[in-house]
Protein chains: 2
Amino acid sequence: MASSTGDQSQAVRNGLRTKVLTLHSMNPRVRRVEYAVRGPIVQRALELEQELRQGVKKPFTEVIRANIGDAQAMGQRPITFLRQVLALCVNPDLLTSPSFPDDAKKRAERILQACGGHSLGAYSVSSGIQLIREDVAKYIERRDGGIPADPNNVFLSTGASDAIVTVLKLLVAGEGHTRTGVLIPIPQYPLYSATLAELGAVQVDYYLDEERAWALDVSELHRALCQARGHCHPRALCVINPGNPTGQVQTRECIEAVIRFAFEERLFLLADEVYQDNVYAAGSQFHSFKKVLMEMGPPYAGQQELASFHSTSKGYMGECGFRGGYVEVVNMDAEVQQQMLKLMSVRLCPPVPGQALLDLVVSPPAPTDPSFAQFQAERQAVLVELAAKAKLTEQVFNEAPGISCNPVQGAMYSFPRVQLPPRAVECAQELGLAPDMFFCLRLLEETGICVVPGSGFGQREGTYHFRMTILPPLEKLRLLLEKLSRFHAKFTLEYS
Amino acid sequence: MASSTGDQSQAVRNGLRTKVLTLHSMNPRVRRVEYAVRGPIVQRALELEQELRQGVKKPFTEVIRANIGDAQAMGQRPITFLRQVLALCVNPDLLTSPSFPDDAKKRAERILQACGGHSLGAYSVSSGIQLIREDVAKYIERRDGGIPADPNNVFLSTGASDAIVTVLKLLVAGEGHTRTGVLIPIPQYPLYSATLAELGAVQVDYYLDEERAWALDVSELHRALCQARGHCHPRALCVINPGNPTGQVQTRECIEAVIRFAFEERLFLLADEVYQDNVYAAGSQFHSFKKVLMEMGPPYAGQQELASFHSTSKGYMGECGFRGGYVEVVNMDAEVQQQMLKLMSVRLCPPVPGQALLDLVVSPPAPTDPSFAQFQAERQAVLVELAAKAKLTEQVFNEAPGISCNPVQGAMYSFPRVQLPPRAVECAQELGLAPDMFFCLRLLEETGICVVPGSGFGQREGTYHFRMTILPPLEKLRLLLEKLSRFHAKFTLEYS
């Protein structure tokens, strides 16, 4: 046995043995990962919930989790048709039951036919069930006004997060000054910063313009890129549209400019389009990067590399728990695409119930189907209420002194800016907390409202924000917004 | 704009533009990943299936996918109780239907109560639904004869693969000679080699002993470890029990010796125990690493770090498509455990239907429940048939000249050794193929039987094997085994 083992045995006898795996000895990249949406503030929210259950007295009776876009947790009911078909897929004995509409049964049978052993319990191929990939391609074609989509370029995933991580993994290479750099918006959805930290890639920040409702400005992309060159090798540009956490919806002109920039600077484009069905503001419209790219014609259409992500977790259905999603890749090198499939195959396949759900989302009931009327009514009710909640959020926040909120054009969040008094900033610094973290923690402790500080998403130095979902039911949301505004006023007074 | 952009524009005008992301410029670690279970042979199987559908004449009428442990794809029916409860969870309107047994309804209500918004469509906390973690802990306690399990040490996952990758991620650190080394069995399940390649860790092979029915020999662990030291920093030891692809079931003595070795050599133990319900051979019994560790007492019980993995994909239920699983960690450093939770939170949560399914697997109907009799009968029928298929496989292969097969004591695979004539080995080498890949490809082309060559799992130099599942229905399996044996005889003759 090696002598080092002898030394260790000695240490053991002396009771000095330490763990093999410690904070010090673990993967340093993992240690550097941060994920604010489920960070310390959410941990504290969980503790408060437990204290409430144990009867501890608090100035509130429930914790409101406005930290995460989780519609059904906020009381939104699942869309009937989706759950009917899924139940039939899960338990095909129900196919003979008279209590399900015929089109739901036909859809379930169609999905089961495409499954191994006609069961959701079999693995699918790693890229996802072929029939569903074809349905996704047809959806993309309809969405993009007939521009063709190839099912072979569609890969199903475990939520959009899984596919985003996979594409980022492919892109990471180099060491030191040649390390891959990836441009991400600030504020961003922290999946990006977390994944780049884990992969050891360089995060290159470009700032969205709060003065112009969080619009993306190509001159800022230029600034960020120029500054990054020399430190790393920037190879990819991430865009989130509609924006998370900003709620901004990009104009067609902006998207064209971004594509031109990516093309000229040789950047692989990642378009996070999971909120494509969540556009509320008059005058705003969702334009997919794929459609704009194709309509720009040569040299862009045939060459610019693009990956576009979508999910079953958002939209009108909010089926987060099923972890369904997909990525469509455009102009990806064929060999790289094979490598992507190989990488996906190590995890075997995305959850099959999530795949089935995605199929229903991309091919909902047609107007002639028995389930159409109810499906359409439920879908519209959700989207109309979301639009009202987006409007209400902007309105209430902008009436509060010291809070300003851009219009929530789309997605599911507001990202208002809050003035924090200098003394509050000092107090926070003494506690080793970001000032907006201090504000959000106090808010949570005193009102039970759980929102995520802007520092978790990134923001311009010296500005403070928080992200709050617009998902609570309308009347509850109104009370919440007012309570939050009042708390801010009290907080400001307290530290002035 | 930087001058490099000018150069690129020039290149574009000259039509010289290449992709940003190419096989050459992509992540070299990802390029090095191999995953035989879904590799080229499975690609070819998919093509053959398509050709058959298109009416191309073949010497067979169907492709038999014996490459992957996918019970339901092979015709195994889902367990009724599991699917009833899941259907009720998916579509709670069914809770008023008289066609479901009361205990199934109660179980569904219990699970839904524990879900956000009482819906499978909400995210769960990242470690999994608390109630289900508690049920898993109770299952582990029952399994291990009352040794306590703490739900806070249980983390639900997207299949076992997800949890295995997460724990390996934590362990990887260092550069050059200090890079983390991880001991894995040869033959292994290729998730391990693929993940280590992707993470840039060093794979340290220890060979299982084919002469002793693929038993693990601690002296071989010593050899592997000594040889690895100096090249890397070995920090972890992976054990697969029951074995994949070997089908071997470890004795209690062996597990004790492995634990002692890991303790003395300061190795974090990963115990892949996903086949814990799949033990068939008389005299074989599953002993969990956790139980053996705890029964060994000090200093092992309180100090040796261990992660044990389980899954809903195997056992008697074979619910691969739902991607359910968990890891229990033992003696893990508390700060590292927090880091693990943080890492999991970036992916939000494991699929909630898979979590629900796991709950049913770890707490099946009790003898007094209305569903007990049927559940028990279905469960036993699967396990009894698997045992018969394990026996049959060993028997038929060992009757074939040039094939030898260790007893399939557990899991779902045989890993027989095949003699290949020297001329076949030469032919393979001329084609740039591993000899057993050549054999398996020829087998696929001529019989439609898809098995995975031993080279995909690792084997001693100069020996050849393949992995074949025992999952096809008994009579079909018999024909398959005979067909395969006859093909081997013909192949041997052809190349002699």
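Residues numbered from 1 in each chain as written. Chains lettered and ligands numbered in written order. Predicted model: local features only at pLDDT ≥ 70, side-chain atom pairs only at ≥ 80, totals over all residues. Heavy atoms only, no water.

(A) Spotlight on the overall build of chain A. A count of helices and strands for chain A gives 18 helices and 14 strands. Taken over C-alpha atoms, the radius of gyration comes to 24 Å for chain A, in line with the 23 Å a tight globule of 496 residues would show. Projected onto its principal axes, the C-alpha coordinates of chain A cover approximately 65 × 65 × 55 Å. Residues counted as buried form 64% of the 496 residues belonging to chain A. Restricting the contact set of chain A to residue pairs at least 6 apart, pairs at least 24 apart contribute 71%. (Helix = DSSP H or I, 4+ residues; strand = E, 2+ residues; numbered from the N terminus. Rg over C-alpha atoms; globule rule 2.2 N^0.38 Å. Buried < 20%, exposed > 50% of the residue type's maximum accessible area, 1.4 Å probe, protein only. Contact = heavy atoms within 4.5 Å.)

(B) Up close: the nonpolar core. Among the nonpolar cores identified, the biggest contains 277 residues, and Phe268(A), Met468(A), Phe268(B) and Met468(B) are the most heavily contacted of them. Beyond its immediate chain neighbours, meaning those up to four positions away, Phe268(A) contacts Val167(A), Leu171(A), Arg235(A), Ala236(A), Leu237(A), Gln304(A), Glu305(A), Leu306(A), Ala307(A), Met332(A), Val20(B) and Leu21(B). Core analysis: the next-biggest nonpolar cluster, separate from the first, contains 36 residues, Leu183(A), Ala224(A), Leu237(A) and Ala271(A) among them. (Core = buried A, V, L, I, M, F, W, Y, C linked by side-chain atoms within 4.5 Å.)

(C) Structural detail: the relation of the copies chain A and chain B. Once chain A is rotated about the relating axis by 180° and shifted along it by 0.0 Å, it coincides with chain B to within an RMSD of 0.0 Å. Put plainly, the chains are arranged around a two-fold axis. Taking C-alpha positions as the reference, the residue of chain A nearest the rotation axis is Ala87(A), at 2.3 Å. Taken together, the interface assignments show that 100% of the residues at the interface of chain A recur at the interface of chain B, consistent with an identical surface on both copies. (Least-squares fit on C-alpha atoms with pLDDT ≥ 70 in both.)

(D) View of the interface of chain A and chain B. Contacts between the two partners involve 104 residues from chain A and, on the opposite side, 104 residues from chain B. Of the roughly 8,900 Å² buried at the junction of chain A and chain B (both faces included), carbon and sulfur atoms supply 56%. Ranking the residues of chain A by area buried against chain B places Leu21(A), Tyr123(A) and Arg266(A) at the top, with a combined share of 9%. Put simply, chain A and chain B have 4 salt bridges between them. The shortest N-O distance in the salt bridge between Glu198(A) and Lys169(B) comes to 2.7 Å. Its residues placed into classes, the side of chain A that touches chain B shows 49 nonpolar, 29 polar and 26 charged. (Buried area = accessible area lost by both parts, 1.4 Å probe. Salt bridge = Lys/Arg side-chain N within 4 Å of Asp/Glu carboxyl O. Nonpolar A, V, L, I, M, F, W, Y, C, P; charged D, E, K, R; others polar.)

(E) How the structure looks around the side chain of Ser161(A). Its location among the elements puts Ser161(A) in helix H7 (residues 159-171). On the basis of relative accessibility, which here comes to 7%, the residue Ser161(A) falls in the buried class. Ignoring sequence-local partners within four residues, the contact set of Ser161(A) consists of Leu191(A), Arg323(A), Arg347(B) and Leu348(B).

(F) The environment of Ser455(A), seen in detail. All names here are of chain A. Looking at the element boundaries, Ser455 is found in the loop between strand E13 (452-453) and strand E14 (466-469). Judged by relative accessible area, which is 36%, Ser455 ranks as partly exposed. For the pair Ser455 and Ala381, spaced 74 residues apart in sequence, the C-alpha separation works out to 34 Å. Other than its neighbours up to four places away in sequence, Ser455 contacts Ala434, Asp436 and Met437. A polar side-chain atom of Ser455 sits 2.8 Å from a polar atom in the side chain of Asp436. (Polar contact = N/O pair within 3.5 Å; in protein donor to acceptor, adjacent residues only side chain to side chain.)

(G) Structural context of the sheet that holds strand E14 (residues 466-469) of chain B. All names here are of chain B. The strand order E10-E14-E13 describes an open sheet built from 3 strands, whose pairing is antiparallel. Lying at the two open borders of the sheet, with one neighbouring strand each, are strand E10 (413-414) and strand E13 (452-453). Sheet analysis places E10 next to E14, joined by 2 bridges and oriented antiparallel. Within E14, the position partnered with Ser414 by the bridge is Met468. (Pairing = 2+ DSSP bridges.)

(H) Region of the structure containing the pattern of salt bridges. This model, assessed by the stated rule, comprises 58 salt bridges over all chains. Between Glu62(A) and Lys476(A) there is a salt bridge; the shortest N-O distance is 2.9 Å. Of the two residues, Glu62(A) is situated in the loop between helix H3 (40-53) and strand E1 (64-65) and Lys476(A) in helix H18 (residues 474-494); the sequence distance between them amounts to 414 residues. Given a relative accessible area of 32%, Lys476(A) falls into the partly exposed group. Here Glu51(B) and Arg44(B) are joined by a salt bridge, their closest N and O atoms 3.4 Å apart. Salt bridges linked by common partners bring Arg44(A), Glu47(A), Glu51(A), Lys58(A) and Glu445(A) together as one network.

(I) Structural view of the sheet that holds strand E3 (residues 180-186) of chain B. Residue and element names in this part refer to chain B. As summarised here, the arrangement of the 7 strands in space is E2-E8-E7-E6-E5-E3-E4, forming an open sheet in which the pairing is mixed. Bordering the open sheet on either side are strand E2 (154-158) and strand E4 (202-207), each of which pairs with just one other strand. Ignoring strand direction, the axes of neighbouring strands in this sheet form an average angle of 25°. Across 6 bridges, strand E7 (residues 306-311) lies against strand E8 (residues 324-330) in antiparallel orientation. Residue pairing across strands places Ala307 opposite Val329, the latter belonging to E8. In the packing of helix H6 (residues 130-143) onto the sheet, contacts are made with E2, E7 and E8, and the angle to E2 comes to roughly 110°. Packed onto the sheet, helix H9 (residues 218-228) meets E3, E4 and strand E5 (233-240) and runs at close to 150° relative to E4. (Axes fitted to C-alpha atoms, helices over the stretch in contact; angles between N-to-C directions.)

(J) Examining the packing of H3(A) against helix H17 (residues 435-447) of chain A more closely. Residue and element names in this part refer to chain A. Viewed as axis vectors pointing N to C, H3 and H17 meet at an angle of 10°, and their least axial separation amounts to 11 Å. In terms of axis orientation, H3 runs roughly parallel to H17. The interaxial crossing formed by H3 with H17 has right-handed handedness. Residues Pro40, Ile41, Arg44, Ala45 and Leu48 of H3 form the contact with H17, whose own contacting residues are Met437, Cys440, Leu441, Leu444 and Glu445. Looking at side-chain class alone, the contact of H3 with H17 contains 8 nonpolar, no polar and 2 charged residues. (Parallel < 35°, antiparallel > 145°, perpendicular 65-115°, else oblique. Left-handed = near helix turned anticlockwise from the far one by under 90°.)

(K) Looking closely at the packing of aromatic side chains. All names here are of chain A. Here the structure, examined in full by the defined rule, presents 28 aromatic pairs over all chains. On the basis of an interplanar angle of 85° and a centroid distance of 5.7 Å, the ring pair of Tyr275 and Tyr413 is categorised as edge-to-face. Here Tyr275 is found in the loop between strand E6 (268-272) and helix H11 (289-295), whereas its partner Tyr413 is found in strand E10 (residues 413-414), with 138 residues between them in sequence. Each of the two residues, Tyr275 as well as Tyr413, counts as buried. Through a chain of ring-to-ring contacts, three or more aromatic side chains come together here, namely Phe397, Phe438, Phe439, Phe466, Phe487, Phe491 and Tyr495. Cation over ring: Arg133 sits above Phe155, and NZ or CZ is 5.3 Å from the ring centre. Here the guanidinium or amino end of Arg467 rests over the ring plane of Tyr413, the centre of that ring lying 3.9 Å away. (Phe/Tyr/Trp six-rings, centres within 6.5 Å; stacked < 30°, edge-to-face > 60°. Lys NZ or Arg CZ within 6 Å of the ring centre and 35° of its normal.)

(L) Layout of the UniProt feature "domain: Aminotransferase class I/classII large" (unreviewed entry) in chain A. As recorded in UniProt, the feature "domain: Aminotransferase class I/classII large" (unreviewed entry) lies at residues 86-483 of chain A. Regarding residues 86-483 of chain A, the helix share stands at 43% and the strand share at 15%, and the terminal C-alpha atoms are separated by 39 Å. (UniProt positions renumbered as here; feature names shortened; annotations may be inferred.)

(M) The confidence of the model for chain A, seen in detail. Across chain A, the average pLDDT comes to 93, with 96% of residues at 70 or higher. Here residues 1-7 of chain A is a poorly scored stretch, pLDDT under 50, and it has 8 contacts once near neighbours within four places are set aside; other chains count. (pLDDT = per-residue confidence, 0-100.)

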